[in-house]
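Report on the structure
Residue-level listing of the chains:
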Amino acid sequence: MDNRTATKEQFLNRIGWARALRYTLVGDASNRRYERLRKEETGECAILMDAPPDKERNVKHFTFAAQHLLALGLSAPQIFAEDCEQGFLLLEDLGNDLFSKFLQQQPAMQSQLYKAAADALIVLHNTPPPELLVYDPELMVNLAALAFTEYRVAICGNCSTSIVDKFKMGFKPFLEEYTSGQEVMILRDYHAENLLWLPKREGVARVGMLDFQDAMRGHPAYDLVSLLQDARRNVPQYIEKETIDSYILETSIGDDFRQAYILLGIQRNLRILGIFARLSTHYFKQQYVNMIPRVWSYLLRDLENSELADFSSFILSELPEPHSQALQRLRKE
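1. Observations regarding the pairing of strand 5 (residues 88-91)
Regular strands place their side chains on alternate faces of the sheet. Where burial is concerned, the two faces of strand 5 agree: the one with Phe 88 and Leu 90 and the one with Leu 89 and Leu 91 are both buried. For strand 3 (residues 45-50) and strand 5, the ladder comprises 4 bridges, and the chain directions are antiparallel. If you follow Leu 48 over to strand 5, its bridge partner there is Leu 90. Relative to strand 5, strand 4 (residues 79-83) runs antiparallel, the two being bridged by 4 bridges.

Here it is as structure tokens:
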């Protein structure tokens, strides 16, 4: 038994769950691991989050965000027990009905589920955000530059600092113009594999929320981009349009919102290209390469609809298309 396993056993023993049956759950792109626990004698279930403190952010960031969401009547998992120093949380089990899985069986409910997810964001956005770091244009442009320093380098083998600098200097003013000044709590990974459908609850509480430990303060369009330009599944464009229209109608937000949405789509999709390339080339998680063509298609559409004009041409001239040979290089085949 290694040290991490022994520490986990001590935590479970201390909180009375050492004898529970355990089922490993599929993880995400992080170093966190999850297990479903079930007490055989009572049928009681819970989720164990294992976030090694030497590899992951302190789980106190998760508990802080969860408490804020729960206080608003939103369905984050209740926290039953915690050891923030060692990186363990025992969480409420919200079930198995991830949006992505549920919609495979009930595709006719897409409009309802996406509308509910957007309504949950409205509740979140109508409340002043807690004290969190700000996802500002400086940080956003640096993260978007991963498309050049990770994705381009992995395929082409190089990327000069002048190209990266030109990108940052050209893109940042647009972000400053359209995405500054409006701050809400953004969860930053708000998509169909982090949302659960809870039909027995009412209103916005029907949307179960997971994976929000990296929450920050940022523009209200950001999580809508995450939801509607989903790297992991195809969201029909009519769903994207009607969800955005509904959000704008119900919030009476300004006319610049649509352009902010497009710019944040460019930023997020550039960042994801870089992150997925890095996950494959550095951490051998090659499954993320399969999602890159979808991310690229979102990027093309956002660039076409943006007001970046000649700067869009610069981005596309410096980033390689994810054709089959490029994807093979990302997989190191």
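That shown, we press on.
2. As for helix 4 (residues 110-125)
The terminal C-alpha atoms of helix 4 lie 22 Å apart, and with 16 residues this matches the ideal 22 Å at 1.5 Å per residue to within 8%. Here helix 4 has its buried residues at Gln 110, Leu 113, Tyr 114, Ala 116, Ala 117, Ala 118, Ala 120, Leu 121, Ile 122, Leu 124 and His 125.

3. Some points on the sheet that holds strand 2 (residues 33-38)
Read from one edge of the open sheet, 5 strands run 1-2-3-5-4, paired in antiparallel fashion. A single partner strand is all that each edge strand has here, and the edge strands are strand 1 (21-25) and strand 4. Averaged over all adjacent pairs, the angle separating strand axes in this sheet is 20°, with direction ignored. The sheet contact formed by strand 2 and strand 3 spans 6 bridges and is antiparallel. Along strand 3, the bridge assignment pairs Arg 38 with Cys 45. Together, strand 1, strand 2, strand 3, strand 4 and strand 5 form the strand contacts of helix 1 (residues 3-15), whose direction differs from that of strand 5 by roughly 45°. Lying on the sheet, helix 2 (residues 60-71) is in contact with strand 3, strand 4 and strand 5; it crosses strand 4 at an angle near 155°.

4. What about the packing of helix 7 (residues 161-179) against helix 12 (residues 310-318)?
Close contact between helix 7 and helix 12 brings their axes to 11 Å; oriented N to C, the two are set at 150°. When the interaxial angle is binned, helix 7 and helix 12 end up roughly antiparallel. When the axes of helix 7 and helix 12 are compared, the crossing they make is left-handed. Residues Ile 163, Lys 166, Phe 167, Gly 170 and Phe 171 of helix 7 touch helix 12, and the partners they reach there are Phe 311, Phe 314, Ile 315 and Glu 318. Per-class residue counts for the contact of helix 7 with helix 12 are 6 nonpolar, 1 polar and 2 charged.

5. Notes on the pattern of salt bridges
Following the criterion strictly, the structure yields 19 salt bridges and no others. Between Arg 4 and Asp 50 there is a salt bridge, with its nearest N and O atoms 2.6 Å apart. With a gap of 46 residues between them, Arg 4 in helix 1 and Asp 50 in strand 3 connect regions that are remote in the sequence. Taking relative accessible area as the criterion, Arg 4 reaches 22% and is therefore assigned partly exposed. A salt bridge links Asp 83 to Arg 14; its shortest N-O distance comes to 3.0 Å.

Rules used throughout
- Residues numbered from 1 in each chain as written.
- Predicted model: local features only at pLDDT ≥ 70, side-chain atom pairs only at ≥ 80, totals over all residues.
- Heavy atoms only, no water.
- Buried < 20%, exposed > 50% of the residue type's maximum accessible area, 1.4 Å probe, protein only.
- Helix = DSSP H or I, 4+ residues; strand = E, 2+ residues; numbered from the N terminus.
- Pairing = 2+ DSSP bridges.
- Expected span 1.5 Å × (residues − 1).
- Axes fitted to C-alpha atoms, helices over the stretch in contact; angles between N-to-C directions.
- Contact = heavy atoms within 4.5 Å.
- Parallel < 35°, antiparallel > 145°, perpendicular 65-115°, else oblique.
- Left-handed = near helix turned anticlockwise from the far one by under 90°.
- Nonpolar A, V, L, I, M, F, W, Y, C, P; charged D, E, K, R; others polar.
- Salt bridge = Lys/Arg side-chain N within 4 Å of Asp/Glu carboxyl O.

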